Amino acid sequence: MRYVVIMAGGSGTRLWPLSRQGTPKQLLPLVDGKSLLRLAFERSLSSVPAERVLVVTGAAYADAVAADLPELPEANILGEPIGRDSLNAVAWPAAVLALQDPDAVIAQVSADHVIEPIDVFASCLDTAFAVAEADASALVTLGVVPTSPHTGYGYLHRGEALDDFAGAHHVLDFAEKPAREVAEGYLASGEYWWNSGMFVWRAATLLEQLRLLLPATHASITKLAEHPELLGEIFPGLAKTSVDYGVMEPVSAGHGSAHVAAVALPVEWRDVGGYASLAEILSIDTAGNAISGLSVSIDASDNIVVNSEPGSVIGLLGVSGLVVVRTAQATLVCSAADAERIKELVAAVTEQAGPQFA
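These numbers were taken from a predicted model, which means no experiment stands behind them. (Residues numbered from 1 in each chain as written. Predicted model: local features only at pLDDT ≥ 70, side-chain atom pairs only at ≥ 80, totals over all residues. Heavy atoms only, no water.)

## Some words on the nonpolar core
Counting residues in hydrophobic clusters, the biggest one holds 48 residues, and the most contacted among them are Ile6, Leu37 and Val200. Residue contributions to this core peak at seven residues, all from helix α4 (residues 118–134). Setting aside residues no more than four positions away along its own chain, Leu37 makes contact with Ile6, Ala8, Gln26, Leu27, Val55, Val65, Asp68, Leu69 and Ala111. Listed in part, the 44 residues of the second largest apolar core include Met7, Leu54, Val56 and Trp193. (Core = buried A, V, L, I, M, F, W, Y, C linked by side-chain atoms within 4.5 Å. Buried < 20%, exposed > 50% of the residue type's maximum accessible area, 1.4 Å probe, protein only. Helix = DSSP H or I, 4+ residues; strand = E, 2+ residues; numbered from the N terminus. Contact = heavy atoms within 4.5 Å.)

## A closer look at the sheet that holds strand β17 (residues 322–326)
Spatial strand order, β12-β13-β15-β17-β18: five strands in an open sheet with mixed pairing. Looking at strand neighbours, the two that pair on one side only are β12 (283–284) and β18 (331–335), the edges of this open sheet. Two elements, β12 and strand β13 (residues 290–292), share two bridges in a ladder whose sense is antiparallel. Among the inter-strand pairings, Ile284 is bridged to a residue of β13, identified as Ala290. (Pairing = 2+ DSSP bridges.)

## Section: empty space enclosed by the protein
Under the definition given, this model contains one cavity of 30 Å³ or more. Around the largest cavity, the lining residues are Ala40, Arg43, Ser44, Val109, Ser110, Phe121 and Met198. Of all the elements in the fold, those that place two or more residues in the lining of the largest cavity are α1 (36–44) and β4 (105–110). With three residues, the single largest contributor to the lining of the largest cavity is α1. Here the residues of the lining of the largest cavity are counted per class, giving four nonpolar, two polar and one charged. (1 Å grid on protein atoms, 1.4 Å probe; cavity = no way out; pocket = protein on both sides within 12 Å on 5 of 7 lines; lining within 4 Å. Points joined across faces, edges and corners; volume = space filled by probe spheres on them. Nonpolar A, V, L, I, M, F, W, Y, C, P; charged D, E, K, R; others polar.)

## What about the pairing of strand β9 (residues 192–202)?
Burial analysis of β9 places nine of its eleven residues in the buried class, the great majority of the element. Sheet topology places β4 next to β9; four bridges connect them, and they run antiparallel. Each residue of the ladder has a partner; that of Val105, found in β9, is Arg202. Pairing of strand β7 (residues 155–161) with β9 involves three bridges; the strand directions are antiparallel. What sits directly across from Tyr155, in β9, is Trp194.

## Quick word on the packing of helix α3 (residues 85–100) against helix α6 (residues 203–213)
At their nearest, the axes of α3 and α6 sit 9 Å apart, and the two run at 125° to each other. As judged from the angle between their axes, α3 and α6 are oblique. Where α3 crosses over α6, the two elements pack in a sense that is left-handed. Note on element contacts: α6 touches α3 through Ala203, Leu206, Leu207 and Leu210, opposite Leu87, Val90, Ala91, Ala94, Ala95 and Ala98. (Axes fitted to C-alpha atoms, helices over the stretch in contact; angles between N-to-C directions. Parallel < 35°, antiparallel > 145°, perpendicular 65-115°, else oblique. Left-handed = near helix turned anticlockwise from the far one by under 90°.)

## Remarks on the packing of aromatic side chains
What the rule picks out here adds up to seven aromatic pairs. A ring pair is formed by Tyr153 and Trp194, whose centres lie 5.0 Å apart and whose planes are at 70°; its orientation type is edge-to-face. In this pair, Tyr153 sits in the loop between β6 (138–144) and β7 while Trp194 sits in strand β9, placing the two residues 41 residues apart along the sequence. Trp194 matches Tyr153 in its accessibility class, with the two residues each being buried. Ring geometry for Tyr186 against Tyr192: centres 3.9 Å apart, planes inclined by 20°, an arrangement best described as stacked. When sorted by exposure, Tyr186 lands in the same class as Tyr192, which is buried. Taken together, the ring pairs connect Tyr153, Trp194 and Trp269 into an aromatic cluster. The cationic tip of Arg43 hangs over the ring face of Phe121; the distance from NZ or CZ to the ring centre is 5.8 Å. (Phe/Tyr/Trp six-rings, centres within 6.5 Å; stacked < 30°, edge-to-face > 60°. Lys NZ or Arg CZ within 6 Å of the ring centre and 35° of its normal.)

## Remarks on the environment of Glu133
For Glu133, the position within the fold is in helix α4. Under the relative-accessibility criterion, Glu133 is labelled partly exposed at 32%. A sequence separation of 105 residues divides Glu133 from Leu238, and the C-alpha atoms of the two residues are 29 Å apart. Those residues in contact with Glu133 that sit more than four places away from it in its chain are Arg2, Val105 and Arg202. Engagement of the side chain of Glu133 in a polar contact is seen with the side chain of Arg2, the distance being 2.7 Å. (Polar contact = N/O pair within 3.5 Å; in protein donor to acceptor, adjacent residues only side chain to side chain.)

None of this, on its own, says anything about what the molecule does.
Below, the structure written as C-alpha cells:
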C-alpha cells in the first residue's frame, strides 16, 4: 500500500519570535489561517486516506499536532523524544510501516512547504509512487523545476530519462547550495532541479540501504520498531545525520544497492525556512513591504512586517530593508540582510533574557 509520512520536527528558529518553543513554525497559522502542517496533510489526502498518513514530530508537539489534525489516528503520530536530524525521521517510520506492511511504499514529505497547484503535485507524486512500485531498487526524489538561480536551495543533477514514466530521470549527483554564478549556470543548462527534500521509496529498499551504509542505525531502528516501549532508550542514541548525507548522496555515488531517480515537480514551491521565504507568501504593498497583520507605513519600503498581536499596530517611518516582527512576548527588529543570523540572536536571548523567551 501507499503511505505518506510528514516530517514535522524542528523548532523553526529562523522564524523567531513567531516560532518559539511549544509553537514551532509548522503549527503556526501562516497561510489563510492554516498551519503549514495542515496544508501538508491536506495535500497528502490527494494521494492516500488519513489512516495512511503518519506525522513524525517532536514529542512535545504531539498533542498540538493531534489538535491541528483531528482526522489523523493518534497512533499515526510518532513523537521523537529528541531531534536526531532527517535520516532518523525517515528511518523510524519506514521500520514501523515495514513491520505492518512489508510492501509499504512511502512518500516522505515536509511540513515546511507551500506548494501550488495541489493537483499537479498529486499527479507528480503518483508518478513517483509508480516508479518506486515498478523498481524495487529505486529511491525517488521530487525535483522542483527551477524558476530562478536560487542560492538558498540544494540542487540535483538529472541524467537520462526513465522509460515509461513521463518527467522521471536518473539522478547523477546532488549539489550543495551554490554561489550565484554557479546557480545561474545550473539554470541555463536545464539539467538541474531544486532538491525538494521530498522522497518516495519502498520501506524495504530504504531499510536495506541503511543496513549496507549505516548498519548501527539500521540495527537500532529495527529494534525500536519491534520494541516501541524502548523509544526513550534507543532514539537519543541514534547518530545524528541528514537523509541526503547518510543515504541519498552515497547511493547516487554508487554505494549501497539502490539507485536514485527524480520526478519533475513543475509547481510553485516555497520552503518556508526563514523570513525571506515567508515574505514570498505574504501580501505585498505598493512600496514592496511584505505584510501580515496591522501596520502603517510612511516612506517605508521593502520591509517584512509581521504583527501577530491583536489590538496592536506597527508603525514604520522612513526605513527600508528591515524585518519587524511583534508577538505578545517578544519583538524582533533586524535588517533583512541579517535575517539568516536569527539563530545567533535566539541563543543570546536565551542566555541574557531567559529560555522562556526563546
